[in-house]
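Tertiary structure, described
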Amino acid sequence: MKKEITVVEVNRIGVFPPVISLIYNLLRNDHKVNFIGTGLIDLPDEIVRNEKFTGIEIRDASYKRSSFILKRYIDRKILENKTRSTVIEQMEHSDILWTTSYNTVKILGDLVIRYKNVMQFMELADKGYLFKHIIKFPLDGFARKSWKVVVAEKNRAYIEKAIWGLDKLPYVLPNKPYALTTGEVTEDMYPALKVIQQEKRKIILYLGGIWADRDLKPFARAIQSISDKYCFYIIGKAYGERSEAHLKELIDNYDVTYLGGFTPPKHLEFVKYAHIGSLSYSPVSGDTISSLNALYCAPNKIYEYAAFGVPMIGNDVLGLQGPFHQYGIGVCCDDTDTESVMKGLAYIDDHYEEMRENCKKFYIDTDLDKIVNEILEDG
């Protein structure tokens, strides 16, 4: 039975490709989607033009977080009031409310559990706090009262079940892109494409957001020692002062080529030039995100690399060990040891064609339609 589903994401949607993937999935399966969010300009034309899609902007995409606490509080209350009133209006004719992040749940509060809801989390959460681990937020209670809970990785499902005291294991919806199209090559991409197209060495590519838990220095250091054969390219935007400082340090102190950041799906145009894709995760924690989040990572980048047949190298965390070992698509190494990284690169080169084919099989093996249909089934 086809449903009308209201999807809510208060963060800018371009930063969360899995939310775009979810909308694609629902529309392709003939559900009606009302999307309430920020940055609708980031949505692909195929979604925006779909007659079953309605988009409602709750905050201008150009919004910048103020440095003044009072102004931030006022902005948050404005966002909270607008989001809640819009949800109430849309749920008058929707079957299901589907939230996709902790921030969204915190903005909506107990409004989430007034409706038949799917509570999806892109990251691994603790029980939840509102400010610097001072004010408790009942995230665990909301999860227990939700119709369905969804996470992005199998180990996370067991962890959240234990942390939140859930009766049922959360559904696992991997962060696989639903539609991998590179889109139109636009003028802002020309300089970066020219650089990467002219590179003669084997390109190790880091693709994705630059966050506090993505320490790229160890890979930059190792690749620099074999720069006659390999080079390190970075594509992605830095989010926050700490990440911007990390990016600057990489550019200033290592032989890396930074090509800038491009709104999805533009970034995919560059993957075809990569020899190997890199992934790096270091444990950090915040008001809501668990320090285990990086250890049990669930990156959409794995699927983006795999779709183009690009084998991967990553640091030794459980979230990468699983798919790398099970499917033979990548190598985990000790990123604190240059020799370990070099051995990993050599192994991939020795098994390159086999790993390329394994990547394509891995990508095909995840059936998003089946998983989402199971989530939407009553029970």
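Only a predicted model underlies this, so the values are computations on that prediction, with no experimental measurement involved. (Residues numbered from 1 in each chain as written. Predicted model: local features only at pLDDT ≥ 70, side-chain atom pairs only at ≥ 80, totals over all residues. Heavy atoms only, no water.)

1. Some thoughts on a nonpolar patch on the surface
On the surface, Leu70, Tyr73, Ile74 and Ile78 cluster together into a nonpolar patch covering about 440 Å² of accessible area. Examined against the element boundaries, Ile74 turns out to sit in helix H3 (residues 69-90). Accessibility expressed as a relative area gives 40% for Ile74, which makes it partly exposed. (Patch = residues over 30% accessible without salt bridge, like charges linked within 9 Å, V, L, I, M, F, W, Y side chains within 5 Å. Areas by Shrake-Rupley, 256 points an atom, 1.4 Å probe, with all protein chains shown as cover. Salt bridge = Lys/Arg side-chain N within 4 Å of Asp/Glu carboxyl O. Helix = DSSP H or I, 4+ residues; strand = E, 2+ residues; numbered from the N terminus. Buried < 20%, exposed > 50% of the residue type's maximum accessible area, 1.4 Å probe, protein only.)

2. Points about the nonpolar core
Counting residues in each nonpolar core, the largest one holds 34 residues, and the members touching the most others are Phe270, Met312 and Leu320. Listed by contribution, the elements that provide at least two residues to this core are helix H7 (190-197), strand S8 (202-207), strand S9 (230-235), helix H10 (300-307), helix H11 (318-327) and helix H13 (352-365). For this core, the element with the highest residue contribution is H10, accounting for four residues. Discounting chain neighbours no more than four positions away, the residues touching Phe270 are Met189, Ala192, Leu193, Ile196, Leu205, Ile235, Leu259 and Phe262. The next biggest cluster of nonpolar side chains, apart from the first, holds 29 residues, and it includes Val7, Tyr24, Val150 and Leu173. (Core = buried A, V, L, I, M, F, W, Y, C linked by side-chain atoms within 4.5 Å. Contact = heavy atoms within 4.5 Å.)

3. Points about the sheet that holds strand S11 (residues 276-279)
Taken together, six strands build an open sheet; the order of strands is S10-S9-S8-S11-S12-S13 and the sheet is parallel. The open sheet has two free edges, formed respectively by strand S10 (256-258) and strand S13 (330-333), since each of these has just one partner strand. This sheet shows a mean twist of 25° between the axes of neighbouring strands, independent of strand direction. Lying over the sheet, H10 contacts S8, S11 and strand S12 (312-315), oriented at roughly 145° with respect to S8. (Pairing = 2+ DSSP bridges. Axes fitted to C-alpha atoms, helices over the stretch in contact; angles between N-to-C directions.)

4. Quick look at the packing of aromatic side chains
Counting across every chain of the model gives seven aromatic pairs. On the numbers, 6.5 Å between centres and 65° between planes, the contact of Tyr303 with Tyr363 is edge-to-face. Note that Tyr303 is positioned in helix H10 and Tyr363 in helix H13, a separation of 60 residues in sequence. In this structure, Tyr303 and Tyr363 share a single accessibility class: buried. Through a chain of ring-to-ring contacts, three or more aromatic side chains come together here, namely Tyr303, Tyr327, Phe362 and Tyr363. The residue whose ring lies beneath Lys116 is Trp147, and the NZ or CZ to ring-centre distance is 4.5 Å. (Phe/Tyr/Trp six-rings, centres within 6.5 Å; stacked < 30°, edge-to-face > 60°. Lys NZ or Arg CZ within 6 Å of the ring centre and 35° of its normal.)

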